[in-house]
Amino acid sequence: MDDGQTGSGAVERRPLAEVLPGLAVHPLDEGEAAEEAFIVIKVRGKDGATYWSYRTTHRPNREELLGALTVQADLLRRDMVNDWEHS
C-alpha cells in the first residue's frame, strides 16, 4: 500500500475532487460535519497493474483509526461469513 509520502515528507494536499476525479461517496447524514478522512483507493498504475493505496486528510489519531478500521474489518468479515453460509 502506498501512503502518498515521499522521501522528503508529505506531498501537498489537494481537494478530494481533484485527486479522485469521477468518484463519489455517499453523503454524511444531516447535521454531521467531516473532521478527517482515511481513504482506501484501488489504483491502476501506469503499467496497468492494480494495487491498493491510501490517503489521509491529515495525520489521523492512530488509536482512533485502528479502532475504526478494526470495527469495519470485523463487520466485513461477519458479512462475508454470512454470505458464504447462505449461498
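Counting from 1, residues in each chain are numbered in the order their sequence is written. Local features are withheld for residues below a pLDDT of 70 in this predicted model, meaning they are given only at 70 or higher, and side-chain atom pairs are given and counted only at 80 or more; totals for whole chains, interfaces and linings count all residues. Only heavy atoms go into the side-chain values, all of them from the structure, while hydrogens and water stay out.

So, the confidence of the model for the protein
Looking at the protein, the pLDDT average stands at 89 and 89% of residues meet or exceed 70. pLDDT is a per-residue confidence score from the predictor, ranging from 0 to 100. The helix count covers DSSP runs of H or I at least four residues long, the strand count covers runs of E at least two residues long, and both are numbered beginning at the N terminus. When pLDDT is averaged over each helix and strand of the protein, the minimum, 48, is found for strand E1 (residues 5–6) and the maximum, 96, for helix H2 (residues 62–85).

Regarding the pairing of strand E4 (residues 50–56)
Paired strands, as defined in this entry, are two strands with at least two bridges between them according to DSSP. For strand E3 (residues 38–44) and E4, the ladder comprises seven bridges, and the chain directions are antiparallel. For Phe38, the partnering residue across the bridge sits in E4 and is Thr56. Linking E3 to E4, which pair antiparallel, is a turn of five residues; within it Gly48 sits at a positive phi near 90°.

Topic: the layout of surface pockets
Space inside the largest pocket adds up to approximately 670 Å³. As defined here, a cavity is a set of points on a 1 Å grid over the protein atoms alone where a 1.4 Å probe fits but cannot get out. A pocket is an open set with protein on both sides within 12 Å along at least five of seven lines, and residues line them when an atom is within 4 Å of a point. Lining of the largest pocket is provided by 19 residues; of these, Leu16, Val25, Ala37, Phe38 and Ile39 occupy positions nearest its centre. Classes in brief: Ala, Val, Leu, Ile, Met, Phe, Trp, Tyr, Cys and Pro nonpolar; Asp, Glu, Lys and Arg charged; the others, Gly included, polar. When the residues that make up the lining of the largest pocket are grouped by side-chain class, the tally is 14 nonpolar, two polar and three charged. Grid points are joined across faces, edges and corners, and a volume is the space filled by probe spheres set on the points.

What to know about the pattern of salt bridges
Salt bridges are counted wherever a side-chain nitrogen of Lys or Arg sits within 4 Å of a carboxyl oxygen of Asp or Glu. Considering all chains together, one arrives at three salt bridges under this definition. Across the pair Glu18 and Arg14 runs a salt bridge whose closest N-O atoms are separated by 3.1 Å. A 1.4 Å probe rolled over the protein chains alone gives each residue an accessible area, and that area as a share of the maximum for its type sets the label: buried under 20%, exposed over 50%, partly exposed in between. Look at Glu18 and you get partly exposed, because its relative accessible area is 47%. Of the charged contacts in the structure, one is a salt bridge between Asp79 and Arg78, with a shortest N-O distance of 3.9 Å. According to the relative accessible area criterion, Asp79 is partly exposed, its value standing at 39%.

Side note on H2
Here H2 spans 34 Å end to end across 24 residues, near enough to the 34 Å set by a 1.5 Å rise per residue. As used in this structure description, the phrase polar contact means that two N or O atoms lie within 3.5 Å; if the pair is within protein, one of them must be able to donate a hydrogen and the other to accept it, and residues adjacent in sequence are counted only when both atoms belong to side chains. Regarding H2, its N-cap is Asn61, as a side-chain oxygen of that residue lies 3.0 Å from the backbone nitrogen of Glu63 further along. In a helix, the anticipated span is given by 1.5 Å times the number of residues less one.

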